[in-house]
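# A closer look at the structure
One letter stands for each residue in the lines below.
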Amino acid sequence: MPAFRFADRMLEQLDALGRISESPDFLCRTFLTPEHRTAHETVAGWMREAGMTVEHDAAGNVVGRYAGASSGAPVLMTGSHLDTVRNAGKYDGMLGVIAPLACVADLNRRGVRLPHAIELVGFANEEGTRFGDAMAGSRAIAGTFDAATLAKTDRQGVSMGDAYKAFGLDPAKIGGCARKPGSIAAFMELHIEQGPVLENNGLALGVVTAISGARRIRVEITGLAGHAGTVPMGQRQDALVAAAETVSFIERRCTGTETLVGTVGMMEALPGAMNVIPGRAVFSVDIRAGDDATRDAAWADIETEIRAICSRRRLTVAFTDLYRSTATPCHPALMDAAEAAITAQGVTTMRLPSGAGHDAATLAPLCPIAMIFMRCTRGISHNPLEAVIPEDVELATGALLHFIENFRPVN
Ligand code: HGY
Ligand code: MN
Ligand code: MN
């Protein structure tokens, strides 16, 4: 006898998706790879079992549809991403696909048709792990996909456009994924919080108020490679030392301002030999804040400081913008509906911003958006230690089902 109405099956499905990885050693499932296809086809099978029709769209998303009581009914869209970061946890994104799937399966079991249709999307490339640029799947649906993105290349030099073709998709058809304005009544995303706030407040679920806007920049510092044993310390043009100074400055500049965060997640010292002074340093900067002005002011200071460090050390520097998203508020009436759905589960809740980016923010130009956060253990995410409490999964899915069943379009 299952312990829960939803969570037992859901946790099995999340475990199954957690085993679909490019590496036997850790979870990594990136854009336009065989593992992308396997995960999407697995979810498509579950969608069909739940009574949905399924489409794999030209952008690489998997889209399930549960018709409403009448044709032409407005559409409530929900979902999240099925791709992951490297060495990922198995709930970031996937929870937001498996929970609505459980909701639709329950509606289908009960023979319930709602005044609105439900579209459940497993988005592609929310993380941007392979090409740096993120949100390709949700941008395609929102109608904001930029074809210039197709020129972005992965570490092997493969462009996104070529990867689409190798995957069997025609990038020229991505524009056709765009939903017409007004065709989607709202988008609701359930996601783990990926931070400690809910847990610190002893709460299982929260209502998201706004989603931070992020910028990702690639920085390449060039000096002069040299012999580690012969070049005196005062005569070096060491690119890695300049990069190290930069990382410390980023931490100082981003500390002390509410919602502002700065991260250097990737760093390469080239040519990468122990007895060679690094002639090049290539690294990523991820900078975010609750409002774009705070974020952009911080980046302006960081860029100025990098240029000063390089000038002092007789180095050159090049910046490449990889990704940019804007800080996005959630819809007030949908936040109220989400709060009502949570309290209907017999628990209290709170409202909180999201420091993480989400497909929901990308869909904001298309329709009103809302998010429900679910507690994750110690707030850990983007890490295989990511963990959830089955009772929370049950509560979150009950709240999501309440939101879905009671949804009414907002203006
Ligand atoms: O980076 C993010 O905020 C999200 O995990 N893509
Ligand atoms: Mn993530
Ligand atoms: Mn995510």
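Look up a bit, the structure's there.
Residues numbered from 1 in each chain as written. Chains lettered and ligands numbered in written order. Predicted model: local features only at pLDDT ≥ 70, side-chain atom pairs only at ≥ 80, totals over all residues. Heavy atoms only, no water.

## What to know about the overall build of the protein
Assigned secondary structure in the protein consists of eleven helices and 16 strands. A principal-axis box enclosing the C-alpha atoms of the protein has dimensions of 80 × 45 × 45 Å. Considering only intrachain contacts with a sequence separation of at least 6, the fraction spanning at least 24 residues in the protein is 77%. Carbon together with sulfur atoms contributes 54% to the accessible area of the protein, which is approximately 17,100 Å² in total. Averaged over its 38 positive side-chain charges, the protein has a centre that lies 3 Å from the centre of its 46 negative ones. (Helix = DSSP H or I, 4+ residues; strand = E, 2+ residues; numbered from the N terminus. Contact = heavy atoms within 4.5 Å. Areas by Shrake-Rupley, 256 points an atom, 1.4 Å probe, with all protein chains shown as cover. Lys, Arg positive; Asp, Glu negative; His and termini not counted. Charge placed at Lys NZ, Arg CZ, Asp CG, Glu CD.)

## Structural notes on the pairing of strand E4 (residues 117-123)
Burial analysis of E4 places seven of its seven residues in the buried class, which makes it a mostly covered element. Every second residue of E4 is oriented toward a common face, with Ala117, Glu119, Val121 and Phe123 on one face and Ile118, Leu120 and Gly122 on the other, all of them buried. As defined by bridge partners, strand E2 (residues 62-66) adjoins E4 across five bridges and the pair is classed as antiparallel. Its bridge partner lying in E4, Arg65 is registered against Glu119. Of the strand pairs in this sheet, strand E3 (residues 75-81) and E4 are connected by seven bridges, and their pairing is parallel. Paired with Ser80 across the two strands is Gly122, which belongs to E4. This β-α-β element, E3 to helix H3 (residues 95-110) to E4, shows right-handed connectivity. (Buried < 20%, exposed > 50% of the residue type's maximum accessible area, 1.4 Å probe, protein only. Pairing = 2+ DSSP bridges. Right-handed = clockwise from strand over helix to strand, strands pointing away.)

## Notes on the coordination of the manganese ion (ligand 3)
Geometrically, a metal with four donors at the corners of a regular tetrahedron has ideal angles of 109.5 degrees, and one with six donors at the corners of a regular octahedron has ideal angles of 90 or 180 degrees. In the first shell of the manganese ion (ligand 3), the protein supplies His81 (NE2), Asp92 (OD) and His191 (NE2), at 2.1 to 2.3 Å from the metal. Separating the manganese ion (ligand 3) and the manganese ion (ligand 2) is a distance of 3.4 Å, and Asp92 donates to both of them. Residue His81 is located in strand E3, and its partner Asp92 is located in the loop between E3 and H3; the two are separated by eleven residues in the primary sequence. You'll find His81 and Asp92 in the same group, each marked buried. (Donors = N, O, S within 2.8 Å, 3.2 Å for Na, K, Ca; no water.)

## Description of the layout of surface pockets
Volume-wise, the second largest pocket comes out at about 250 Å³. Only helix H1 (7-18), helix H2 (34-49) and H3 provide two or more residues apiece to the lining of the second largest pocket. With five residues, the top contributor of residues to the lining of the second largest pocket is H3. Its residues assigned to classes, the lining of the second largest pocket comprises nine nonpolar, two polar and five charged. (1 Å grid on protein atoms, 1.4 Å probe; cavity = no way out; pocket = protein on both sides within 12 Å on 5 of 7 lines; lining within 4 Å. Points joined across faces, edges and corners; volume = space filled by probe spheres on them. Nonpolar A, V, L, I, M, F, W, Y, C, P; charged D, E, K, R; others polar.)

## Focus on the coordination of the manganese ion (ligand 2)
Coordination of the manganese ion (ligand 2) by the protein involves Asp92 (OD), Glu127 (OE) and His382 (NE2), with metal-donor separations of 2.1 to 2.2 Å. One chain supplies every donor for the manganese ion (ligand 2), spaced along it as D-x34-E-x254-H. Residue class for Glu127 comes out buried when judged on its relative accessible area of 7%. Look at His382 and you get partly exposed, because its relative accessible area is 41%.

## A few points about the side chain of Asp154
With respect to the element layout, Asp154 can be found in the loop between helix H4 (136-142) and helix H5 (160-167). Taking the relative accessible area as the measure of exposure, Asp154 reaches 9% and is therefore buried. Among the polar contacts listed, one links the side chain of Asp154 to the backbone nitrogen of Val158, at a separation of 2.8 Å. Setting aside anything within four residues of it in sequence, one finds Asp154 in contact with Arg130 and Phe131. (Polar contact = N/O pair within 3.5 Å; in protein donor to acceptor, adjacent residues only side chain to side chain.)

## Overview of the packing of aromatic side chains
Describing an aromatic ring pair means giving the distance of the ring centres and the angle of the ring planes. The full count for this structure, using the stated rule, is five aromatic pairs. Between the aromatic rings of Phe31 and Phe131, the centroid separation amounts to 6.2 Å while the plane-to-plane angle is 90 degrees, which identifies the pairing as edge-to-face. With Phe31 in the loop between H1 and H2 and Phe131 in the loop between E4 and H4, this pair connects stretches of sequence that are 100 residues apart. Here the two residues Phe31 and Phe131 agree in accessibility, since each one is buried. Each member of the aromatic cluster is reached from another via a ring pair, and the members are Phe31, Phe131 and Tyr164. When the ring centre of Phe167 is taken as origin, the NZ or CZ atom of Arg37, which lies over that ring, is 4.0 Å away. (Phe/Tyr/Trp six-rings, centres within 6.5 Å; stacked < 30°, edge-to-face > 60°. Lys NZ or Arg CZ within 6 Å of the ring centre and 35° of its normal.)

## What to know about the nonpolar core
One finds Leu17, Leu363 and Met374 to be the most contacted residues of the largest nonpolar core, which totals 88 residues. Residue contributions to this core peak at ten residues, all from H3. Discounting residues that sit within four places of it in the chain, Leu363 has contacts with Met77, Phe123, Ser138, Ile141, Ala142, Phe187 and Ile369. (Core = buried A, V, L, I, M, F, W, Y, C linked by side-chain atoms within 4.5 Å.)

## A few points about the site of ligand 1
Every residue lining ligand 1 is accounted for by Glu126, Glu127, Arg216, Arg288, Ala356, Gly357 and His382. Gly357 places a polar main-chain atom, nitrogen or oxygen, 2.7 Å from an oxygen atom of ligand 1. Against a free-state accessible area of 210 Å², the protein chains account for coverage of 94% of ligand 1. Here the residues of the shell around ligand 1 are counted per class, giving one nonpolar, two polar and four charged. (Near = heavy atom within 4 Å.)

## Points about the environment of Ala69
Inspection of the secondary structure puts Ala69 in the loop between E2 and E3. For the pair formed by Ala69 and Arg113, sequence separation is 44 residues and the distance between their alpha carbons is 4.9 Å. Dropping the residues within four chain positions of it, Ala69 is found in contact with Arg113 and Leu114.

## Details of the side chain of Arg216
Considering the arrangement of structural elements, one finds Arg216 in strand E7 (residues 213-222). Within the local environment of Arg216, its side chain forms a polar contact with the backbone oxygen of Glu127, the two atoms lying 2.9 Å apart. With sequence-adjacent residues up to four places away left out, Arg216 is seen in contact with Glu127, Gly128, Gly132, Ala134, Val285, Asp286, Arg288, Thr320, Asp321, Leu322 and Tyr323.

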